[in-house]
Amino acid sequence: MWFIDAAQQRGPAICSTYTVAMQDSPASELLPDTLAPAPRVWRLWWRRQTPTRQDRFAMLAPLAAVLLFLAAIVSAFWYLRLEEIDREQEAIKRDVEYAQQRVRLRLLERQEQIMRIARDISNKEVDAEEFSGRSEAMVVQYPELQALTWIDERRRIRASYAAPSLSAPQQRAPGETLRAGETDVIYGLARDLQQPVYSQPAAGPDSSGLLQLHVPLSEQGRFGGVILGEYSIDGLLRYAVPADVSAKYAVALLDGKGRVLAGATVPARNPATQLLPWAAAQPNEYEVPVSPVGNGLVLRAQAYRTSLGVIGSGLFWLVIALSTMTAWMLVANWRHTRRRMQAQQALIRETNFRRAMENSMLTGMRALDLNARITYVNAAFCQMTGWEENELVGCTPPFSYWPDEDRDMLSARLQDELHGRASPGGIQTRVKRKDGTLFDARLYVSPLVDAKGHQSGWMTSMTDITEPNRVREQLQAAHERFTTVLEALDAAVSVTPLGSEELLFANKLYRQWFGGLGNGHLQMVAQAGVPEQRRTTGESMDEVDSLVGLPTGTLTSAQSEHAEIYVPELSKWIEVRSRYLNWVDGRLAQMVIATDITPRRHAEELSAAQAERAQSASRLITMGEMASSVAHELNQPLTAIVNYCNGLISRIRARQIPEEDVLAALEKTARQAQRAGQIIQRIRSFVKRSEPNRTPSDVAVMVNEAVELAEIELRRRNVRLSHYVAARLPRLMVDPILIEQVLVNLLKNAAESIEHARRPVSRRSVELRVIPRDIDEQPVVEFSVLDSGQGLAPEVMERLYEAFFSTKAEGMGIGLNLCRTIVESHQGRMQAENIYNVTDVVGCRFSFWIPVSSAINSVVGKDTGIVA
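Residues numbered from 1 in each chain as written. Predicted model: local features only at pLDDT ≥ 70, side-chain atom pairs only at ≥ 80, totals over all residues. Heavy atoms only, no water.

### Some remarks on the packing of aromatic side chains
Item 1. With the rule as written, the count across this model stands at 9 aromatic pairs.
Item 2. Between the aromatic rings of phenylalanine 399 and tryptophan 402, the centroid separation amounts to 5.2 Å while the plane-to-plane angle is 75°, which identifies the pairing as edge-to-face.
Item 3. Accessibility expressed as a relative area gives 1% for phenylalanine 399, which makes it buried.
Item 4. Looking at tryptophan 402, the relative accessible area reads 6%, which means it is buried.
Item 5. Summarising the aromatic geometry, the rings of tyrosine 510 and phenylalanine 514 are spaced 5.2 Å apart at their centres and angled 45° between planes, so their arrangement reads as tilted. Taken together, the residues span about one helical turn, with tyrosine 510 and phenylalanine 514 both in helix α16 (residues 508-514) at a distance of 4 residues. By the burial criterion, tyrosine 510 is buried, and phenylalanine 514 matches it.
Item 6. Site record: aromatic cluster; members linked through ring pairs are Phe381, Phe399, Tyr401 and Trp402. (Phe/Tyr/Trp six-rings, centres within 6.5 Å; stacked < 30°, edge-to-face > 60°. Buried < 20%, exposed > 50% of the residue type's maximum accessible area, 1.4 Å probe, protein only. Helix = DSSP H or I, 4+ residues; strand = E, 2+ residues; numbered from the N terminus.)

### What to know about the environment of glutamine 111
Item 1. Within the secondary structure, glutamine 111 sits in helix α5 (residues 53-122).
Item 2. Residue glutamine 111 is classed as buried on the basis of its relative accessible area, which comes to 14%.
Item 3. Considering only alpha carbons, one finds glutamine 111 and proline 196, 85 residues apart in sequence, at a separation of 8.3 Å.
Item 4. Not counting the four nearest positions on each side in its chain, glutamine 111 is found in contact with Pro196, Tyr198, Leu213, Tyr231 and Pro292. (Contact = heavy atoms within 4.5 Å.)

### Comments concerning the nonpolar core
Item 1. In this structure, Val766, Phe783, Phe846 and Phe848 are the most contacted members of the largest nonpolar core, which totals 45 residues.
Item 2. Elements with a contribution of two residues or more to this core: α22 (699-716), β22 (732-734), α23 (736-757), β23 (765-775), β24 (778-787), α25 (815-825), β25 (829-837) and β26 (840-851).
Item 3. With 10 residues, the single largest contributor to this core is α23.
Item 4. Excluding residues that lie within four positions of it along the chain, phenylalanine 846 makes contacts with Leu746, Phe783, Ser784, Val785, Leu792, Leu800, Tyr801, Leu816, Met830, Gln831 and Ala832. (Core = buried A, V, L, I, M, F, W, Y, C linked by side-chain atoms within 4.5 Å.)

### Some details on the sheet that holds strand β19 (residues 588-596)
Item 1. Strand order in the open sheet formed by 5 strands is β16-β15-β19-β18-β17, with antiparallel pairing between adjacent strands. Unpaired on one side and paired on the other, β16 (505-506) and β17 (561-567) mark the two borders of the sheet.
Item 2. Examined bridge by bridge, β17 and strand β18 (residues 572-582) share 7 bridges and lie antiparallel to one another. The partner of glutamate 561 across the bridge, within β18, is serine 578.
Item 3. Across the sheet, helix α17 (residues 519-528) is in contact with β15 (491-497), β17, β18 and β19; its angle to β19 comes to roughly 80°. (Pairing = 2+ DSSP bridges. Axes fitted to C-alpha atoms, helices over the stretch in contact; angles between N-to-C directions.)

Spatial relationships are all this shows, so hold off on functional conclusions.
Structure, rendered in structure tokens:
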């Protein structure tokens, strides 16, 4: 029988047990009543597989002995370790209290010296110069003292001396006022208490690292200020703590929250040693507050580990070796007992496993004998068909789960199976449940061979494929819908593998444009500048792919790239978007989506032309508004030329002029004429209509051109103009005429705002500043115009850049709108804000910035025919 065969495979121990049982044990003693019909050997095994109380004790006794022995060893070492820790704790406590007394005495000595100086100051015996000298002597003599400062009752610094090692922000200059902060708070506390007060230092990035002592000054019973002494916490630790204590321990000064202000700490120990039961959770340490500072300054010492500990002793290793041998013998005994119990339970595990495997299978199993009679069905088969096992076992064809309309076909297939003509891939058929419903199933048939190698029947496995069929139909329908959508798109979609011209997919519009080949895909990719790996000429299709082994995760997860190109063959502008993806067969492919943007490009060109005309018109309007100023500016050199000429004529007629005077007058006349010509040429260049031309431009040159034009208007309005251009500014890729137009417009608006505000002559000024900055981690050049006018009202600020909105009666409302358009076309930003003096508006600030690399991409696009 199969269970005897299984027992023989498990080993001689089980076989001998079964043999003794069959020869000597009566069935009535070995088996419960529920298993009476079972064979005698089975009843014997059932009795033997149940462990007795003695067996359980024999198996657990060695394990309990091992645990008790290990617990005794660990307890002994734990006690020894605790004794050692206690001794160390007493020693560190004694040394820390001694060090605390040394620090306290040093602080009290310095406090007494500072109080002596305070008394001399209160008695008018010390002036600021003598205070500085005595402070310098104390700072030099006592290194922990970093600075001494005399602060009067109005928080003004009268005198101060600081050690050279003190940083500049921490030094205080005479004449300054005490800054707000912790020092100001302690100052007020010393004034209220009329006694020395220490600050509470705190660790952190914003901390100064100094301990402050405020000693109040008393002049005839009233508060006269304080003497501020500042200690270096690190120096206090270095010079006040005894050297022998610092050598033995890791000494540190902490703030009130336990954070380290100065000193050292014991490094963290190896995490593996923390697992030992006698290992301390943290090093021995002791801390005590430092008086007279209080709980805000704590002195802590941590003991270094200097001894070898328990593990370093030879006795420890001897005990460990003996314990290991004892534990090994006990464990070996326990393992032997456990193997005996396992041998007795071998057969029940085998039976339970086979039964559990049959009941847990989701595939229906059916066994037929050579006469097509059902001899076995599992639980899954019964659950699928709805029939019970006793209703199926013993049945012959036609079976009850065959649909009536398919009986002839199923009978023919059954005969083919019985004659060994079953399909290796299985057959798909319909199966009828007991309630009459049908479901789709796939059957696989294989010969049933016994232990001797003889065929005893046929084994059939059945799987319910109703749900997979439904999913397959839905996927097919979804694929058809997706294909329909792609074919109807107004964009060309194509997919090709990297390194090949094979066209994996192309929709209807792509085929209309480029046909069924991949040349159009590669042409768009190459023209758009998207990297495309091509197969080398010497690589054949049968060789290994050159891209094998490259990581594809980064490519497929990257964002799509896009560019705008012109295709001469189609006479169209096309926007090309591409990204990498993993094709269904695992190859790395590139998808390209091409959209016809010809109408949009035409609209953009028309809009650009209109914007250029608006900019030219704005410059003409600006010069028209400045006509009177320009006329006045030209009148000066022309008047000078007339005067020089009339003087020459008069003196020549009187024959009273030497040749040198004639030459000097003519040179002055030429210079005035040249000046008038420069003014006219500058105005002509500003208003001349030209095509937008972005070139690398010098910022200083653009600013000087704009300032020379704007100064004409500003001088007429009696407004001073000052400008500052930072040195070594990078060249900007801009249209210089457009940037000059923005600057002239802003400077003219600033002058008009000052005139409308009716500011006095001393406050009629405009400032132009050009400096480099970093905005959003991007290097830019910022232009700002500051005026002293009346500012902008809130309702004006909201509509500042709105087209055709103006606060001037004669204004057209296109100046600032056009300025912002020009700045944003250079990838910059423009903003305006009022300047306040407390709550009064004292002016306005217009600023805009241009990125340093604002037009690099545009220049590349112009060279390659691509607009990014």
